[in-house]
Structures are given as structure tokens and as C-alpha cells.
Amino acid sequence: MAGAKEIRTQIKSIKSTQKITRAMEMVSTSKMRSAQARMQAARPYAEKIRQVISHLALANPEYKHPFLQPRTTERRVGYIVVSSDRGLAGGLNTNLFRQIAAAAAKDRQAGLELDIVAIGNKAIQFFKRFGGNVVAQTSHLGDTPHLTDLIGTIKVMLDAYREERIDRLVLCYNRFVNTMTQAPTLEQVLPLPAAQVIDRKHSWDYLYEPSSPEVLDQLLTRYVESLVYQAVVENVASEHAARMVAMKAASDNAGNLIDELQLAYNKARQAAITKELSEIVGGAAAV
Amino acid sequence: MAMTMQLDIVSAETSLFSGKVEFIAARATGGEIGILPRHTPLLAQLQPGEIRVKVEGGEEQFFYVSGGILEVQPDGVTVLADTAVRAKDLDEAAAQAAKQRAEEALKNRSSDLDYAKAQAELAAAVAQLRAIQNLRKALGR
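Below: a short report on this structure. (Residues numbered from 1 in each chain as written. Chains lettered and ligands numbered in written order. Predicted model: local features only at pLDDT ≥ 70, side-chain atom pairs only at ≥ 80, totals over all residues. Heavy atoms only, no water.)

### Some thoughts on helix H4 (residues 151–162) of chain A
Residue and element names in this part refer to chain A. The criterion, for reference: Numbering goes from the N terminus for both helices and strands, where a helix is a DSSP run of H or I of at least four residues and a strand is a run of E of at least two. Expected span of a helix, by definition, is 1.5 Å for each gap between consecutive residues, and there is one gap fewer than residues. Only protein chains enter the calculation, and the probe is 1.4 Å; a residue is then buried if its accessible area is under 20% of its type maximum, exposed if over 50%, and partly exposed in between.
Between its terminal C-alpha atoms H4 stretches 16 Å, which fits the 16 Å expected from 12 residues at 1.5 Å a residue. Summarising burial for H4: 11 of the 12 residues are buried, a large majority. Buried residues of H4: Ile151, Gly152, Thr153, Ile154, Lys155, Val156, Met157, Leu158, Asp159, Ala160 and Tyr161, and no others. Count one or two residues on from H4 and you reach Glu164, which has phi positive near 60°.

Right under this line is the structure:
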């Protein structure tokens, strides 16, 4: 019965693992729903501010903001990398980091240096190994990230861009496509890609209060902040979706394993019984 | 019937108001501004304070914003509200904090920053209080 006993303890341990993975799956499912709701809630602001900026591009103010001007020479590139704080989310962070590593290698080949802002524990750990100049970092934003917690890290990069310490800013995060798909995304934030021109019916400009440079500066800063916030919120949703899928797979695998082991256990048990019986019969015949 | 315009008040984290209004009053950097339908296009910075809105039908509503941008377009008004009080010193402090985390060397914050923070918080609290008072008055009537 030694074999059967071992199998039984193994089944027990797998069952307890399955309980954990199943619980994590359910937790992620509910967290993903609220993360999706936050994603939806953040959308109106992003849409409105994009509208205002495209209006501005049409209104053609005399003042040209540095965020809108492409630089002729690039020396340094800034990366804002959004990741999750915790693992056990399948290949979510790994896929993103792989893309970043590829992009970074390309930039390095072109003679560019990298400045990095890391958001989330996994990104901080990754860049510790990968190398790169991490100029700012933040982590433990939790499941309800707030813009207030991001302002500092974003400002570091915006200041660097204003002072021409970086010439391009890229935002890296996992875009939430749907529950099954999260797309690692590298998006250029600065200089802002030119807004698509909608046919203008008549020429006009805003009244500015207090002045167009100040308003525009605030507007564009808020725009970049909202982009990063959106990225963080999407990343949270992606994290939970990825974890949900990973944990579901783990629970299913554990189920299969248990089935197999159960079969092996039954066989071993039956074999032991048969053996014992034949021994008894053999013994009786001998007497 | 009075003329109305579309008003949307949104912050980065959520949408606060969306509907038809007759009149809007807000605190811009240059002082209080009032907006009626058919206002000329305007882009104004807002100060921490309340936004007074007369919704369709004449009822008044108050919203507290801690700064932001107000945009007037021929087809409507948009308020892009900040989620928190933004003072330059405070932003600077946040940026410094993020840098420090990266450097993993937490220095003591200077008392100047604490003072700026306290001042900004006080301004926000006063504005919030005023908004609440107005709200009470409006409800009392």
C-alpha cells in the first residue's frame, strides 16, 4: 500500500494548490470588473482633452509649444514603463519587457541613451537586471491607482523633455483588448504626434486666460498625465485579466493531474487488494 | 424657454456632470467668469474653487474643483477638472519624491515644501467650505 499512500498525499497537496488558484481566479475576476469600470470612467476626460488639443491644432495659435515640436536630433530617449506589482499573471510583464528590450537595443544601436521611469515593482526589478538609467520610480499603487500618485514620476520626465535632457518619450504598458488578450504597447507620447486635420469650416482662435502659452502648457501636461493614468488603469485591468486566465489554466491543469493520480491510486489500491486476496487464497490452499 | 448649452465636467478619474445648462460661473485665474450660451471660444485656467451651474429649468448646482481648464466651444462647454490641488511647489515635491525613491535615499523634506503644502491645503479647504455653504443655502431656500 506504500505506493497508494504516496499518491494520496500527492493528491491532497494538489487539491490544496487548486483551491488557492481557484480563489485567486475568482478574486481576479471581480477585480478585473472594477478595473474595467475605472477604465471606462477615465475615458471621457481623455476624449475631451484630445478634442481640445485638436481644436487648438486647428485654431493655430501663434505660440508653438515644445511638446508639439519634433526634435531634429535625438540623443536620449525616455521610457515610462508601467508594470504590475505582483507576478503570477502569466506572461504579462515578460511579454512587455521583451518588447522594451528589443526597442531599447535598437535605440542603443542608434547611439541613443535611455532614461527610464519605472512604475510597478516588476518594472523596477527588471531594470535592476537589465540596466538603464532609472531616474524615477513608484510602486504599490494598488488596484485603484490615483493620478496624484503619478504626478511626481510624470513630472520628472516632462521636465527632462523641457530641458532637452530627453528628446523623445515613450510610454510602455499592457493595453487591455479583452479578457483573453492584452497587447504590450509602446506608444510615443512626446513630441505629440500631429493631430489629424479635420476639415475646418471657418478660421477662429480661442480667447486665452491668462495667456496661450500658460494654458497650452497646462493642457499638454494634463494630457500626458491623463495618457499615463489611462495606461496605468489599463495595465491594472490587463494584470487581473491575465492573472484570471493564468489561474484558470492552473486550476484546470490541477484538475487533470488529480484525475490522473486518482486513476493511478485506484489501480494501485486494486492491485494491493488483489495481491492480498491471492496471498490469502494461496495460504489457505497450502494449509 | 431659456437658451441652454451642453456642459461636461470631467476629471481624469471620472465624469462629474453632463447635461444642459443655462449659466456657468467659475473662478479663473483672472477672476470670476460667467458663461452664457453663445459665448465666444475661450480657454481658461481655473483656480481651486466652486463652479456654479444653473441647469435647465433654473435649478442651481455647485461643483468643487481643485483647478483645471475650462473650454468654451460653440457647441458646448467642457471643464477638465484636476483630481487634486496642483501647486507648482507641490508638483515639484512629488517629482522630487519620485526621484528620491529611485535614488533610494530619503532625505528630510524641507520646511518650505511643508509650508507650501499647508497653504495649498488651506486654500482648498476654504474653497470647499464655501461651496458647501452655498449648497446649504441653495437647499435651504
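### Some points on the sheet that holds strand E2 (residues 113–119) of chain A
All names here are of chain A. Using the following cut-off: For two strands to be treated as a pair, DSSP must find no fewer than two bridges joining them. As a rule, the C-alpha atoms of each element are fitted with a line to give its axis, helices using only the stretch in contact, and angles between N-to-C directions run from 0 to 180 degrees. Working rule for contacts: check all heavy atoms of both residues, and any pair within 4.5 Å makes them a contact.
Judged by pairing direction, the sheet is mixed, and its five strands sit side by side in the order E3-E2-E1-E4-E5 without closing on themselves. Of all the strands in the sheet, just strand E3 (133–138) and strand E5 (182–190) have a single pairing partner and so form its edges. Taken pair by pair, the neighbouring strands of this sheet meet at an average axis angle of 20°, ignoring direction. Bridging between strand E1 (residues 76–82) and E2 involves seven bridges; their strand directions are parallel. Within E2, the residue paired with Gly78 across the bridge is Asp115. Packed on one face of the sheet, helix H2 (residues 92–109) meets E1, E2, strand E4 (168–176) and E5 and runs near 40° to E5.

### Section: the pairing of strand E4 (residues 42–55) of chain B
On a regular strand, one side chain projects to one face of the sheet and the next to the other, so that they alternate. Residues and elements named next belong to chain B. Of all 14 residues in E4, 10 are buried, a share of seventy percent or more. Where strand E2 (residues 15–28) meets E4, five bridges bridge the pair, whose relative direction is antiparallel. The residue of E4 that forms the bridge with Ile24 is Val53. Pairing between E4 and strand E5 (residues 60–73): 12 bridges, direction antiparallel.

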